[in-house]
Amino acid sequence: MPTSFAAGPVRVRVPATSANLGPGFDALGLALALHDDVAAEVTAGGVTVSVTGEGAGDLPVDEGHLVVRAMRAAFDALGGQPPGLAVECVNRIPQARGLGSSSAAIVAGVLLARGLVTEGEHRLDDEAALRLAARIEGHPDNVAPCLLGGFTVAWTEPSGARAVSLPVADGVRPTVLVPAERGLTASARAALPATVPHGDAATNAGRAALLVHALTTQPALLLPATVDRLHQKYRAASMPATSDLVNALREVGVAAVVSGAGPTVLALSELPEGFDTGTDWQLLRLPVDVRGAQVGRGRLGHAERDPVAAGRKS
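Computed from a prediction, not measured in an experiment: that's the story for all the values here.

Caption draft 1: Region of the structure containing the pairing of strand S5 (residues 151–157). Relative to S5, strand S2 (residues 28–43) runs antiparallel, the two sharing three bridges. By the bridge assignment for S5, Leu-30 is matched with Phe-151. Where S5 meets strand S6 (residues 160–166), seven bridges bridge the pair, whose relative direction is antiparallel. Its bridge partner lying in S6, Val-153 is registered against Val-164. What sits between S5 and S6 in their antiparallel hairpin is a turn of two residues.

Shown next, in the form of structure tokens:
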């Protein structure tokens, strides 16, 4: 069946995400209420991209933009490429900080392409969209919460990525502490050893299982549930300030972990009154985003074009 394209723009709002959450390496993720808004429409030819907010002036504004690359992959899966594209990005998720900016771009691109194809949701359902997004990203732990919202458990089968979203207990109040410096997922992964001690793997298996219970039912167990031996200690040398802050928070009873590949720190319980993070960290208290990616018709509105980040800062 030939591909036909919808008239007019499609827009999507995608949340920031934090992955791993300590022991849940490449499996667990959490959607956070800090969003990028992206809109796209089919044009007669060429590709134009505008970027406002995070990444403006640094991100490519042509075929090299990750949203466009994801759209191209999705259009291939949907049966055909449009003659041209116009894309508008309003970014609030910090770039290269461990808060899922690349996954947000990928999910946005996949959903925009699907929305621009007639009967796109029938040709590429949510399960197929997740598989495609995970294939582009390389792992599913960030794209799953971005797409589904809430707390997600993701895994990969021979057919591709799968995930479930679970409700989060009321006592979970995430805070992210974002440094000015950037990090690269590829560099962080390069620091990981090819093998780990059996005891470390066994510890992580138990704590990851406990973390599911703590996040969904009993937040009082978040501190022991976020113990990790698989990845954070190997990455500590490349981001010492992040490691020091995680350790300092945990010493005062805060369930703190490295967010994704870092260097942002995620705290899953309240910081004690008067705790001094220093001046090098932007603090954002972000509720869990339970909705995940949201798609609509039409251009971005005035509020959606505001690049100022949500959340309470200090």
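Caption draft 2: Examining unusual backbone geometry more closely. Cis rather than trans, the peptide bond between Gly-262 and Pro-263 has omega equal to 5°. Tracing the backbone through its elements, the reader meets Pro-263 in the loop between strand S8 (256–258) and strand S9 (265–267). Positive phi, close to 55°, is recorded for Leu-21, a residue that is not glycine. Considering the arrangement of structural elements, one finds Leu-21 in the loop between strand S1 (10–19) and S2.

Calculation criteria
Per chain, residues are indexed from 1 in the order of the written sequence. Given that this is a predicted model, residues contribute local features only at a pLDDT of at least 70 and side-chain atom pairs are listed and counted only at 80 or more, while totals for whole chains, interfaces and linings are drawn from all residues. The basis for every side-chain value is the complete set of non-hydrogen atoms in the structure, without hydrogens or water. Should DSSP find at least two bridges between two strands, the strands are regarded as paired. The helix count covers DSSP runs of H or I at least four residues long, the strand count covers runs of E at least two residues long, and both are numbered beginning at the N terminus.

By themselves, these observations are geometric and do not establish any function.
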